[in-house]
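# Tertiary structure, described
Chain residues, written in single-letter form:
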Amino acid sequence: MPTLWLSFNSVITELTGKIYKFPKLLLPFTLYLTTMKKYISCVFYLFIFLNCSAQIDTIPYAANTTKENRANEYRHLVNNSISKNLSLPLTDSTEENWEDAFYAMELINYRSPKVDAKIRSVFNSIEKRSPGFQRAYLELIYANYPKDFVPEISAFLKQTGNPKPFAMGSEYILMNDTQPSTISEVIKLTALKIVDTKDEKSSSILVSLFNRVIDIMIKRDKDFVSQKDLFSKDYLKGNVIVFSIQRKNRNYPGIAIVRSNTGDFIKDKKGNIFSVPQLARSMSNLPGYLTNGNTPQGIFRMYGFEVSKSSFIGPTENIQLTMPFETSLQHFLKDSSISDTLWTSELYKKLLPNSLKNHYPLYETFNASSAGRTEIIAHGTTVNTKYYYNKPYYPLTPTLGCLTSKEIWSTVDGKRIESDQQKLVNAVKAAGGANGYCIVIEIDDQQKPVSIAEILPYLTKKIK
């Protein structure tokens with residue numbers, strides 16, 4: 001371990017003099033430095049296999065959820081999206097076909113000996129492929145082949161100069177190996193790339209990776225007790241707030257609770273504080289700073305309801321969310337008097353309670369949007385739950401990074417049977433409407449779903 005610390009300290013010395021190039025990243029990055037000196041879219045664009053629309057009656061309807069259409073969808077994904085596309089030789093002109101196959105495999109958790117051989121063959125020419133293809137490929141193997149390609153990815157990291165594939169490959173290595181020597185190597189390579197980068201989006205990705213590595217190295221606990229100020233009646237006073245409370249391991253569902261614009265938590269018909277299970281896991285399970293990764297922690301601006309045209313999201317109302325770099329400062333901060341036009345972490349910091357202004361995880365939405373993430377919302381789902389029958393989050397279904405709630409649809413007539421998403425929408429409407437904020441926060445790393453019982457003490461006790 002001393003060797004690792006020595007390596008880290010030498011990196012710090014080089015970086016502190018050069019990080020000034022990206023002032024908007026200075027606060028979250030230097031939070032870690034200080035501590036250590038003393039740590040495509042959310043919408044499923046894969047395939048619109050069948051259009052779904054609401055019926056004239058009041059019960060939402062999704063045609064793609066009937067038994068026959070579910071079976072047709074699966075056959076289409078396996079025979080056409082996967083088998084047919086992967087039968088094509090991999091060339092510059094067929095990269096998109098292979099990418100479609102990758103996303104289909106993620107969606108339905110598909111593997112077979114023949115397909116596995118095709119996936120392995122990609123490494124024969126990975127350095128020649130476009131960055132977009134590399135990202136799609138690395139996303140697939142992170143999701144479906146989590147332990148199969150460590151030597152190949154290690155070799156790839158020494159070849160690639162693109163920050164996003166580098167970060168994805170590094171996360172793959174760290175998923176399999178957190179020995180001090182491995183951490184030290186990733187720290188050194190990442191630090192060198194931070195120093196050399198001349199692009200702010202790339203810098204955001206690399207700084208986020210750097211902080212993640214430090215998090216792994218010092219095994220920093222995310223103490224939920226210190227986050228109790230988020231639930232104060234006076235925090236973001238006058239705003240409706242949806243709190244999405246998650247585990248560090250996103251395989252286990254979190255819960256969503258709703259605070260009204262008067263500062264009170266919405267209750268159910270029995271007088272208990274309202275909550276519904278909510279999944280913040282993506283299909284890939286990559287960290288939130290990466291495209292198609294898990295929902296990042298931090299603050300989202302909440303601003304209305306919509307009905308998606310995507311057959312995989314379905315006709316239930318969704319809650320519109322946006323991250324800092326997706327919108328103007330005036331809109332995100334709800335302050336028309338702001339004259340600034342460029343985002344900085346200092347401006348984002350204004351939305352955090354005093355006790356959490358230096359809590360790095362809550363800056364993930366800021367950094368993820370700075371790196372290019374967009375279009376994360378809170379929605380329902382018509383995805384076939386059977387794809388995830390053996391997963392800890394069943395019957396919830398993962399996305400490309402959104403917050404999702406459970407919905408059950410009739411396999412006979414396609415009508416909606418059960419909807420936690422509708423319950424959440426109704427609670428937000430009762431709270432004063434979707435005009436405020438959504439805050440995603442991890443509380444600990446227990447290997448079980450979050451329950452309202454463990455959160456309740458922080459919601460009912462008086463905050464000093």
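Preceding block: the structure.
On a predicted model such as this, the values are computed, not experimentally measured, just so you know.

### A word on the overall build of the protein
- Scanning the protein for helices and strands turns up 15 helices and 10 strands.
- The 464 residues of the protein split such that 58% are buried.
- Accessible surface, the protein as shown: approximately 19,600 Å² in total, 52% of it carbon and sulfur.

### Structural notes on the nonpolar core
- Membership of the largest hydrophobic core comes to 62 residues, with the highest contact counts inside it found for Phe-102, Met-105, Leu-107, Ile-119, Tyr-137, Ile-141 and Ile-153.
- Sorting the residues of this core by element identifies helix H3 (67-86), helix H4 (95-108), helix H5 (113-121), helix H6 (131-144), helix H7 (150-157), helix H8 (163-176), helix H9 (180-196) and helix H10 (200-218) as the ones contributing at least two each.
- Core analysis: the next-biggest nonpolar cluster, separate from the first, contains 33 residues, Phe-265, Leu-333, Leu-356 and Ile-455 among them.

### Brief notes about the packing of aromatic side chains
- Taken as a whole and assessed by the stated rule, the structure comprises 22 aromatic pairs.
- The interplanar angle of 70 degrees and the centroid separation of 5.1 Å between the aromatic rings of Tyr-389 and Tyr-394 together place this pair among those described as edge-to-face.
- Put simply, the rings of Trp-98, Phe-102, Phe-123, Phe-133, Tyr-137, Tyr-145 and Phe-149 touch in pairs and so form one group of aromatic residues.
- Positioned above the aromatic ring of Phe-166, the side-chain terminus of Lys-193 is 4.9 Å from the ring centre.
- Positioned above the aromatic ring of Phe-305, the side-chain terminus of Lys-429 is 5.2 Å from the ring centre.

### Regarding unusual backbone geometry
- Cis geometry is adopted by the peptide bond preceding Pro-395, which originates at Tyr-394 and carries an omega value of 10 degrees.
- Inspection of the secondary structure puts Pro-395 in the loop between strand E6 (378-379) and strand E7 (403-404).
- Positive phi, normally seen in glycine, also occurs at Asn-292, with a value near 65 degrees.
- Turning to its location among the elements, Asn-292 is positioned in the loop between strand E3 (276-278) and strand E4 (298-306).

### Details of H8
- Taking 1.5 Å per residue as the helical rise, H8 with its 14 residues ought to reach 20 Å, and the 20 Å between its terminal C-alpha atoms agrees with that figure.
- Within H8, 12 of the 14 residues are buried, which leaves the element mostly enclosed by the surrounding structure.
- Among the residues of H8, Pro-163, Lys-164, Pro-165, Phe-166, Ala-167, Met-168, Gly-169, Ser-170, Glu-171, Tyr-172, Ile-173 and Leu-174 are the ones counted as buried.
- Residues of H8 that are buried sit in contact with H6, H7, H9 and H10.

### Observations concerning the pairing of strand E5 (residues 318-322)
- The element E5 is extensively covered by neighbouring structure, given that five of its five residues are classed as buried.
- Bridge count for E4 against E5 is four bridges, and the pairing is antiparallel. Bridged to Arg-301 within E5 is Thr-322.

### Looking at the side chain of Ser-260
- Within the secondary structure, Ser-260 sits in the loop between strand E2 (254-259) and E3.
- We classify Ser-260 as buried; its relative accessible area is 6%.
- A distance of 2.7 Å separates polar atoms of two side chains, one belonging to Ser-260 and the other to Thr-262.
- Excluding residues that lie within four positions of it along the chain, Ser-260 makes contacts with Asn-239, Val-240, Ile-266 and Ala-431.

### A few points about the pairing of E4
- Taken together, the six bridges between E4 and strand E10 (residues 435-442) define a ladder with antiparallel strand orientation. Among the inter-strand pairings, Arg-301 is bridged to a residue of E10, identified as Tyr-437.

Calculation criteria
Residues numbered from 1 in each chain as written. Predicted model: local features only at pLDDT ≥ 70, side-chain atom pairs only at ≥ 80, totals over all residues. Heavy atoms only, no water. Helix = DSSP H or I, 4+ residues; strand = E, 2+ residues; numbered from the N terminus. Buried < 20%, exposed > 50% of the residue type's maximum accessible area, 1.4 Å probe, protein only. Areas by Shrake-Rupley, 256 points an atom, 1.4 Å probe, with all protein chains shown as cover. Core = buried A, V, L, I, M, F, W, Y, C linked by side-chain atoms within 4.5 Å. Phe/Tyr/Trp six-rings, centres within 6.5 Å; stacked < 30°, edge-to-face > 60°. Lys NZ or Arg CZ within 6 Å of the ring centre and 35° of its normal. Expected span 1.5 Å × (residues − 1). Contact = heavy atoms within 4.5 Å. Pairing = 2+ DSSP bridges. Polar contact = N/O pair within 3.5 Å; in protein donor to acceptor, adjacent residues only side chain to side chain.

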